[in-house]
Amino acid sequence: MFTTTTQVLGSSETARGKSWQWLIGFIETQGCLGIIKRKPHGAECLSLSISRPLKDTQILYHIKCLLGYGHVKLSTVGKYYVANREALANILPLKCSSGGGWFAGLIDGGGVFLVTLKHNPKAQEKKNVSFSLAISQAEGFVLGPLLEKLGGRIRKNGKDHTFIWEVKEKKALIRAVRLLKKHPLRTKRRVDFLKWCKALELTNYKSGLRYSPNRGESLGWKTHQQTKRFPTH
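Residues numbered from 1 in each chain as written. Predicted model: local features only at pLDDT ≥ 70, side-chain atom pairs only at ≥ 80, totals over all residues. Heavy atoms only, no water.

Draft legend 1. View of the sheet that holds strand E1 (residues 31-38). Sheet architecture is open: four strands sit in the order E1-E2-E4-E3, paired in antiparallel fashion. Of all the strands in the sheet, the pair left with one neighbour each is E1 and strand E3 (71-74). Going from strand to strand, the sheet's axes swing by 30 degrees on average, the running direction of each strand aside. Taken together, the five bridges between strand E2 (residues 43-52) and strand E4 (residues 78-82) define a ladder with antiparallel strand orientation. Its bridge partner being in E4, Ser49 is matched across the sheet by Tyr81. Helix-sheet contacts for helix H3 (residues 58-67) involve E2, E3 and E4, and the interaxial angle to E4 is about 15 degrees. (Pairing = 2+ DSSP bridges. Helix = DSSP H or I, 4+ residues; strand = E, 2+ residues; numbered from the N terminus. Axes fitted to C-alpha atoms, helices over the stretch in contact; angles between N-to-C directions. Contact = heavy atoms within 4.5 Å.)

Draft legend 2. Local environment of the pairing of E2. Summarising the sheet, E1 and E2 pair through eight bridges and their orientation is antiparallel. Residue Gly34 lies in a different strand from E2, and its bridge partner there is Ser47.

Draft legend 3. Molecular detail of the sheet that holds strand E6 (residues 127-137). Taken together, four strands build an open sheet; the order of strands is E5-E6-E8-E7 and the sheet is antiparallel. Each having just a single partner strand, strand E5 (111-119) and strand E7 (153-156) make up the two edges of the open sheet. Here the average twist between neighbouring strands, direction ignored, is 30 degrees. Taken together, the nine bridges between E5 and E6 define a ladder with antiparallel strand orientation. Its bridge partner being in E6, His119 is matched across the sheet by Lys127. In the packing of helix H5 (residues 100-110) onto the sheet, the strands contacted are E5, E6 and strand E8 (163-167), and the crossing angle to E6 comes to about 100 degrees. Running over the sheet, helix H7 (residues 170-182) touches E5, E6 and E8 and is turned about 55 degrees from E6.

Draft legend 4. Region of the structure containing the pattern of salt bridges. By the definition in use, this model includes two salt bridges. The closest approach of N and O atoms between Glu166 and Arg155, which form a salt bridge, is 3.7 Å. Placement of Glu166 in strand E8 and of Arg155 in strand E7 is noted, with a sequence separation of 11 residues between them. (Salt bridge = Lys/Arg side-chain N within 4 Å of Asp/Glu carboxyl O.)

Draft legend 5. Looking closely at the nonpolar core. Ranked by size, the top nonpolar core spans 43 residues in total, and within it Phe103, Leu133, Trp165 and Trp196 carry the most contacts. Of all the elements, H7 adds the most residues to this core, at seven residues. No fewer than three residues from each of domain 1 (15-92) and domain 2 (100-203) sit in this core. Not counting the four nearest positions on each side in its chain, Trp196 is found in contact with Phe113, Leu114, Val115, Phe131, Ser132, Leu173 and Val177. (Core = buried A, V, L, I, M, F, W, Y, C linked by side-chain atoms within 4.5 Å. Buried < 20%, exposed > 50% of the residue type's maximum accessible area, 1.4 Å probe, protein only. Domains from an automatic or database assignment.)

Draft legend 6. Region of interest: the packing of aromatic side chains. Taken as a whole, this structure holds five aromatic pairs when the rule is applied. On the basis of an interplanar angle of 45 degrees and a centroid distance of 5.2 Å, the ring pair of Phe113 and Trp196 is categorised as tilted. With Phe113 in strand E5 and Trp196 in helix H8 (residues 189-207), the pair connects residues that are 83 residues apart, well separated along the chain. With relative accessibility at 14%, the residue Phe113 sits in the buried group. Ring centres of Phe131 and Trp196 lie 6.2 Å apart, and the angle between their planes is 80 degrees; this geometry places the pair in the edge-to-face category. With Phe131 in strand E6 and Trp196 in helix H8, this pair connects stretches of sequence that are 65 residues apart. Side by side, Phe131 and Trp196 carry an identical accessibility label, which is buried. Among the aromatic side chains, those forming a connected cluster through ring pairs are Phe113, Phe131, Phe193 and Trp196. (Phe/Tyr/Trp six-rings, centres within 6.5 Å; stacked < 30°, edge-to-face > 60°.)

Any functional reading would require information that these geometric values do not contain.
See the structure below:
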């Protein structure tokens, strides 16, 4: 993870591109763009704010380093805020490539890794295990590229009127995992991802599947070594 603006500016074009695309995806799920009036002349100015729980405020400082401007305030939640024209001008003209960096940003902002257990009617002592990946978004069209790239379906949540992209097909999930291994998550959702991968790998191994989340290599052992640091309770 980049820690200073100098590191971002001095990094390769590929690394900078991944960081910008991640930021676009994250802003699309967590950012709030608005127009404020500055005193004393009342001039209108574009602003960006992002709020996160206190346990995940490190990502706000990371975003501040990426842009080089803004402020982070800590209260009941953490909030990043910027109303700098130069900083926002660097973001708004960028076009989303719907690539892995953008996908990782969406996951970091509003993704959920799910493992569902259901009773097996043929054997009561056994349970059927299913895996899925979901992303919630206020605007459905933002999720469109995910349908083209990974499949799945988009449905509308009647409770809060948001749109949810969800994929359950195993081969599509493997493609998603490969993207997230190439474009790592930057928030605490990375811990959820590692645990989810571990469960997915173990299920694949026991069911005799020929593919795994790591292009045929065993992900279970490597993931297990990383998740040992994180308690499950």
